[in-house]
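# Per-entry structural report
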Amino acid sequence: MDTVVIEVSGTLSAASSLFLASAGLTLIFGAMRVINLAHGSFYMFGAFLTTSLVGFATGARFWWAVPVAALAVALIGAGVELGVIRHIYGKEHLTQLLATYALFLIFADLALRIWGAESRAVPVPKSFFGSIEIAGEQIPKYNLVIVGTAIAVGVGLWLLLKLTTLGWRIRAAVDDPESLEASGVNLQLLFTVVFALGALLAGLGGAVISPQIAVTPGIDGSIIVGAFIVTVVGGLGSILGAAVAALLIGASETAGTLAAPDWASTFPYIAMIAILAVRPWGLFGQPER
Amino acid sequence: MHRHKNGALALSALVVVALAIVGASTASPSQSERQFKGFINIGISTTLSGSIATLGQGGLQGIQLAAADLNRQGGLLGKEIKVVSADDNATPATGAANVRSMILDKKISALFGPVSSAVAAAELQLTAQYKVPTFLHTSNDITLMTQRWTPYAFQVVPNTIMEPRAVAEYLAKKVGNRKLNIGTFSPDYVFGRNSVANFLLALKDLGVNHAVVGQQWPALGAPNIAPQLSALISSDPEVTFNIQFGGDLVNFTNQAAGYGFFKNTRMIGMYSLDPLKALGDAAPSGAIAFSRAPFWGYKKNAAMTAFVARYKKAYNAYPSEWAIMAYSAVQTWAAAVKKVKSLNGDKLVKAIEGSTTPTIRGPLKIRACDHQAEVPEFVGTIAKQRDKTVGHKLWNPEVFIASPAKTMLTCAESLARR
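Summary of the structure given here. Keep in mind it's a predicted model, so treat the numbers as computed, not measured.

### Things to note about the pattern of salt bridges
Applying the stated criterion to the full structure yields 13 salt bridges over all chains. Put simply, R113 of chain A and D109 of chain A hold a salt bridge, and the shortest N to O gap is 3.2 Å. Here the residue R113 of chain A and the residue D109 of chain A both occupy positions in helix α4 (residues 93–115), the gap between them amounting to four residues, near one helical turn. Its salt-bridge partner being R193 of chain B, residue D188 of chain B comes within 2.9 Å of it at the nearest N-O pair.

Okay, here's the thing in structure tokens:
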């Protein structure tokens, strides 16, 4: 029983990491119907930029490095939308996949040239270094940052979509883009903003996770699979779905490590197949019209 | 129309400039071409991108420096050594395609192997078919020299039996008769599974009283290991044998430290140069570290000292184990070429079998029966303080060097596995 706290902490940490990696992906698909395989690249850029901004010293630099890295990735995202994505709206999904996969490969090579092949680590900021004791168990303080950021991103996105003009326009763009454009809204600018916001979320995810991982080339590909599973299981375009799916996937993997460690990595895929067999459009998604 | 004209003009200009550059580079023989009587291509197909690229890049730099050093001494057989490299993406099919192209198009005279044992397995069949001597300096699965044995392959790295046996031997000396609760943490593929199995077998053979309380198998390169880590911590192991490497080990160490895990368990991990550098002060002091060829383990070795200086000058960094092993692989091949004065695969194989070559790692003997190098594994503990030379933590001065005589399979055992 005394290890329940550790298991719950592990599950929440895993779920939060997955959600942070997938929130931008599902936002972009929901608003723009673009499957962005380069999403992992934005995540990777967020992490690498943080390593560069923080250097190897601990201290307060981390707290400004995170938003700066996320904003820098948002700018890269805006550039990608203007240069590439804008030209593939409404095209077949295969065309979008190929175009964004090409971006993924280009960005991977770019990162290798800029940051090299070495593993990089970001020191945990002093205020969240070490552990806290809960029910006699030591839990990493930094888990609070990851879980807190995931909750803030989830609630923030929900408020943005429900309560702001931008959110209303994003939702309208999903349902009826032609009418929205006819009402005088600059649809192309809106899409640039949404894509940049999605990139910002990915960059933020990479930046916030960076003290817990080894930042290496290849993390783009490593996280994209998990992010896609969460996005598809939650329902393409659903922020709430992504949050619930992240929790389910995290819990299924934790259950796997306890029940059958040899097969633990398989559990999330089993959960995905089971959910999609019942609801092919995901937990909170809608069937394609 | 204007745009088209401008475009055509720009294209023409580009072609002219490109031709000028090509012309400039081919107009007169380079200095190296004047100095040498032709060239010899050697190949390295390895992982240069993705999560294990650190290992591949280190190996490539070792090969490149070895070629540069040979060329400075006049090359081999009067010819310049040129390195042909390609990225295998840690994929067997890509590795095999790279090697086929290197053999058929680039006419490589030797291949220096990949990071992944799975990729190596795919490549060995090809190099055997074309009789190209192949040196495995990073991939170390035992099956490459036993079940998958080919006459043209040589392994200059401690294999997946030697490495865990060395660690078990060190542990046995430290714990005596006390019973140990052991947890294992390993990447979920053949290298990790074999290493863990052989470590536990070695403990049993050495009579170490132990019980396995938890085993976790996260995917190679998985950034999110929280579920496996929390399960391992819950099993409360007194000793944790972790066979992850590079970025995965950094990832584990960072996350486990947050749980205060290293206060409760004696960590054993492959803390080689790259993860120690990445972890900086977060490297767990006192943890048991093992490594295949750390430069700080070669004390009173002038050749290694000189190599470290040359490497530092060339790359502005200290050489990783992967660079050191790759360099020594080229030395082994080059010594054989000099001896037989030929690049013929069959002649080179005969020359290398049973040979001992002076290398930066000391005399390196290749056993004739299975082409496994008789090389040690290094085991120590992580220091508390930063090393003044490299600027981050390394190991404490007392390093256990496991003798290959104790860790290797006997020739009879090795042959029985084919």
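### Re the packing of aromatic side chains
Applying the stated rule across the entire model yields 28 aromatic pairs over all chains. Here F135 of chain B and F154 of chain B contribute two aromatic rings whose centre-to-centre distance is 5.4 Å and whose plane-to-plane angle is 20°, an arrangement assigned as stacked. Taken together, the positions of F135 of chain B in strand β4 (residues 134–136) and F154 of chain B in strand β5 (residues 153–155) put the pair 19 residues apart, joining distant regions of the chain. In this pair, the class of F135 of chain B matches that of F154 of chain B, namely buried. Judged by centre distance (6.0 Å) and plane angle (45°), the rings of Y189 of chain B and F191 of chain B are tilted. The rings of F42, F45, F48, F107, W115 and F195 of chain A are connected pair by pair, giving a single aromatic cluster. One residue, K82 of chain B, lies across the ring of F39 of chain B, its end atom 4.4 Å from the ring centre. Sitting above the plane of the W149 of chain B ring, R418 of chain B keeps its charged end 3.8 Å from the centroid.

### Details of the state of the cysteines
Residues and elements named next belong to chain B. Enumeration over the complete set of coordinates arrives at one disulfide over all chains. Across a sulfur-sulfur distance of 2.0 Å, C369 and C411 are joined as a disulfide pair. Across the disulfide from C369 to C411, rotation about the S-S bond amounts to roughly -80°, and the bridge is consequently left-handed. Placement of C369 in the loop between β12 (362–365) and β13 (377–386) and of C411 in helix α16 (residues 411–416) is noted, with a sequence separation of 42 residues between them. Of the residues examined, C369 reaches a relative accessible area of 19% and is grouped as buried. With relative accessibility at 29%, the residue C411 sits in the partly exposed group.

### Details of the interface of chain B and chain A
Listed per partner, the contact involves 33 residues of chain B and 38 residues of chain A. Taken together, the two surfaces of chain B and chain A that pack against each other cover about 2800 Å², and 54% of this comes from carbon and sulfur. On the chain B side of the contact with chain A, P223, P227 and Y259 of chain B bury the most area, a combined 20% of that side's loss. Measuring nitrogen to oxygen at the nearest pair gives 3.4 Å for the salt bridge that ties D262 of chain A to R193 of chain B. Our count for the contact surface shared by chain B and chain A stands at 13 residue pairs in polar contact (both at pLDDT 80 or more). Those elements that provide at least two residues to the side of chain B that touches chain A are α3 (53–72), β7 (210–216), α8 (226–234), α9 (246–258) and α11 (273–279) of chain B. Split into classes, the residues belonging to the side of chain B that touches chain A amount to 12 nonpolar, 18 polar and three charged.

Criteria and cut-off values
- Residues numbered from 1 in each chain as written.
- Chains lettered and ligands numbered in written order.
- Predicted model: local features only at pLDDT ≥ 70, side-chain atom pairs only at ≥ 80, totals over all residues.
- Heavy atoms only, no water.
- Salt bridge = Lys/Arg side-chain N within 4 Å of Asp/Glu carboxyl O.
- Helix = DSSP H or I, 4+ residues; strand = E, 2+ residues; numbered from the N terminus.
- Phe/Tyr/Trp six-rings, centres within 6.5 Å; stacked < 30°, edge-to-face > 60°.
- Buried < 20%, exposed > 50% of the residue type's maximum accessible area, 1.4 Å probe, protein only.
- Lys NZ or Arg CZ within 6 Å of the ring centre and 35° of its normal.
- Disulfide = S-S within 2.5 Å.
- Contact = heavy atoms within 4.5 Å.
- Buried area = accessible area lost by both parts, 1.4 Å probe.
- Polar contact = N/O pair within 3.5 Å; in protein donor to acceptor, adjacent residues only side chain to side chain.
- Nonpolar A, V, L, I, M, F, W, Y, C, P; charged D, E, K, R; others polar.

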